[in-house]
Amino acid sequence: MDEAEVIVRDNEQQHRYEILVDGDLAGFSAYREDAGRRVFTHTKVEDDYEGQGIGSALAKGALDDTRRRGLTVVARCPFVAAYIQRHPEYSDLLHK
C-alpha cells in the first residue's frame, strides 16, 4: 500500500464510506443517519486487501469526515468500535 493511491470517500447514496486503492474498491464502512449521529453498522475489507492497514485507513477517514461534519458517532460496527478504543483521540466523537 506504500506506493498505492488510497482514497476514502463518502458514498452518500449508498450510506457508506468507501476506500479505493488505485481506483479499486477495497472496502467500505456502512452507516445510517440518526438525528445528528452517524451510526456505523458494518465494515468490510475485500480479501485481497486484508492485513494491509486498509480497514484502519478507512476508519480514520470516515471518522475524520464525521468530525468535519460536526456529527457524533454510534459505533455498532465492532471494527469501528475497536478502532476508536485503540485511538482515544476519536473518543470525543462517541454519542453520549
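Data block above holds the structure.
Residues numbered from 1 in each chain as written. Predicted model: local features only at pLDDT ≥ 70, side-chain atom pairs only at ≥ 80, totals over all residues. Heavy atoms only, no water.

Draft legend 1. Structural detail: unusual backbone geometry. If you check the backbone angles, His15 has positive phi at about 55° while not being a glycine. You can see His15 is positioned in the loop between β1 (6-11) and β2 (16-21). Classification of His15 as partly exposed rests on a relative accessible area of 40%. (Helix = DSSP H or I, 4+ residues; strand = E, 2+ residues; numbered from the N terminus. Buried < 20%, exposed > 50% of the residue type's maximum accessible area, 1.4 Å probe, protein only.)

Draft legend 2. Examining the nonpolar core more closely. In terms of nonpolar packing, the biggest core is built from 20 residues, with Phe40, Ile54 and Leu63 touching the most fellow members. When residues of this core are traced back to their parent elements, those giving at least two are β2, β3 (24-34), β4 (37-45), α1 (54-68) and α2 (78-86). (Core = buried A, V, L, I, M, F, W, Y, C linked by side-chain atoms within 4.5 Å.)

Draft legend 3. α2, seen in detail. Where α2 is concerned, the buried positions are Val80, Tyr83 and Ile84. What you see down the axis of α2 is that its buried residues fit within an arc of 95°, all on one side. Set apart from the buried face of α2 by more than 90 degrees, the exposed residues are Pro78 and Gln85. Looking at the packing, one finds that the buried side of α2 touches β3, β4, α1 and β5 (72-75). (Arc of directions from axis to C-beta. Contact = heavy atoms within 4.5 Å.)

Draft legend 4. Here's a closer look at the sheet that holds β1. Strand order in the open sheet formed by five strands is β1-β2-β3-β4-β5, with mixed pairing between adjacent strands. On the outer flanks of this sheet lie β1 and β5, each paired with one strand and no other. Sheet twist, expressed as the average angle between the axes of neighbouring strands with direction ignored, equals 30°. As paired strands, β1 and β2 are joined by six bridges and run antiparallel to one another. For Asn11, the partnering residue across the bridge sits in β2 and is Arg16. Its contacts with the sheet put α1 on β1, β2, β3, β4 and β5, and the angle it makes with β2 is roughly 135°. (Pairing = 2+ DSSP bridges. Axes fitted to C-alpha atoms, helices over the stretch in contact; angles between N-to-C directions.)

Draft legend 5. Expanded view of the packing of α1 against α2. Closest axis-to-axis distance for the α1/α2 pair is 10 Å, and the angle between their directions is 80°. Taken together, α1 and α2 sit at an angle that is classed as roughly perpendicular. Between α1 and α2, the residues in contact are Gly55, Ser56, Ala59, Lys60 and Leu63 and Phe79, Val80, Tyr83, Ile84 and Arg86, respectively. Among the residues forming the contact of α1 with α2, the class breakdown is six nonpolar, two polar and two charged. (Parallel < 35°, antiparallel > 145°, perpendicular 65-115°, else oblique. Nonpolar A, V, L, I, M, F, W, Y, C, P; charged D, E, K, R; others polar.)

Draft legend 6. Up close: the pattern of salt bridges. For the coordinates displayed, the defined rule picks out 14 salt bridges. Of the charged contacts in the structure, one is a salt bridge between Asp65 and Arg38, with a shortest N-O distance of 3.9 Å. Linking Asp65 in helix α1 with Arg38 in strand β4, this pair joins segments that are 27 residues apart in sequence. Accessibility expressed as a relative area gives 4% for Arg38, which makes it buried. Arg68 serves as the salt-bridge partner of Asp65, at 3.6 Å between the closest nitrogen and oxygen. (Salt bridge = Lys/Arg side-chain N within 4 Å of Asp/Glu carboxyl O.)

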